[in-house]
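Secondary and tertiary structure notes
Here is how the chains run, residue by residue.
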Amino acid sequence: MKIICIGRNYSEHIKELNNETPDEPVIFIKPDSALLRNNAPFFIPDFSTEVHFEVELVIKINKLGKHIPVEFAKDYYSEIALGIDFTARDVQNNLKLKGLPWEKAKGFDHSAVISKFISIENLELNHLNFSLTRNGNLVQEGNSRQMIYNIDEIIAHVSQYFTLKIGDYIFTGTPSGVGKVNPDDHLIGKIENQTMFDFRVK
Ligand code: ZN
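Attention in this report is confined to the structure presented alongside it.

1. Looking at the pairing of strand 11 (residues 137-143)
Two strands pair when backbone bridges link them, and strand 10 (residues 129-134) and strand 11 are joined in this way by six bridges, in the antiparallel orientation. Counterpart to N129 in the pairing with strand 11 is N143. Counting the residues that bridge the hairpin from strand 10 to strand 11 gives two residues, and of these N135 lies at a positive phi of roughly 50°.

In structure tokens form, the structure reads like this:
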């Protein structure tokens, strides 16, 4: 199982980090040891003083595929979840300055929170609201229609480079509002009005 993540997929988030808008999807991968599930607490790692939350829609691949055309991409997933792409922003900024890969900042243990999955059957996938609250305050809010590359385009692009296997996860990018987590924070993520995850930071 692999966790494929898309960076810079929402314009407002690109602006808040002063990044350039990419002319193709930005892709990185987290190892399976990054997974954190079942509302388990997240422990801030010692090597960072600035771990950011990034709330993202996550899809699960349910069919083996390579070089998947956009028009067939919808055959490769049937469920969606909400996740957090925890990012050690201080570490990432250092690596970026040096032009080095982001893995230490993005792929560390438990940096990939994934909620339960729900069927996409009755959802308007290209018009899906999602949000993150911290300690009761709304910190991030997004709608899938704001994505630069939609889910099907992401699958088509990613599968040109990586064979997609059953059980692989794809994080689809974060909207604006990312920020630092602190010990004792309480994070709740929702898709529309449904609570998807509810856990604490330690
Ligand atoms: Zn992200």
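2. Considerations on helix 4 (residues 151-158)
Within helix 4, seven of the eight residues are buried, which leaves the element mostly enclosed by the surrounding structure. Tucked inside the fold, the buried residues of helix 4 contact strand 1 (3-7), strand 2 (26-30), strand 5 (55-61), strand 6 (77-85) and strand 12 (169-171). The N-capping residue of helix 4, defined by a side-chain oxygen 3.1 Å from the backbone nitrogen of D152, is N150.

3. Looking at the coordination of the zinc ion
The coordination sphere of the zinc ion contains the protein donors E54 (OE), E56 (OE) and D85 (OD), at a distance range of 2.0 to 2.1 Å. Look at where the donors of the zinc ion fall in the sequence and you get E-x1-E-x28-D. Of this pair, E54 sits in the loop between strand 4 (51-53) and strand 5 while D85 sits in strand 6; the two residues are 31 residues apart in sequence, bridging distant segments of the chain. The two residues E54 and D85 agree in class, both being buried.

Rules behind the numbers
- Residues numbered from 1 in each chain as written.
- Predicted model: local features only at pLDDT ≥ 70, side-chain atom pairs only at ≥ 80, totals over all residues.
- Heavy atoms only, no water.
- Pairing = 2+ DSSP bridges.
- Helix = DSSP H or I, 4+ residues; strand = E, 2+ residues; numbered from the N terminus.
- Buried < 20%, exposed > 50% of the residue type's maximum accessible area, 1.4 Å probe, protein only.
- Contact = heavy atoms within 4.5 Å.
- Polar contact = N/O pair within 3.5 Å; in protein donor to acceptor, adjacent residues only side chain to side chain.
- Donors = N, O, S within 2.8 Å, 3.2 Å for Na, K, Ca; no water.

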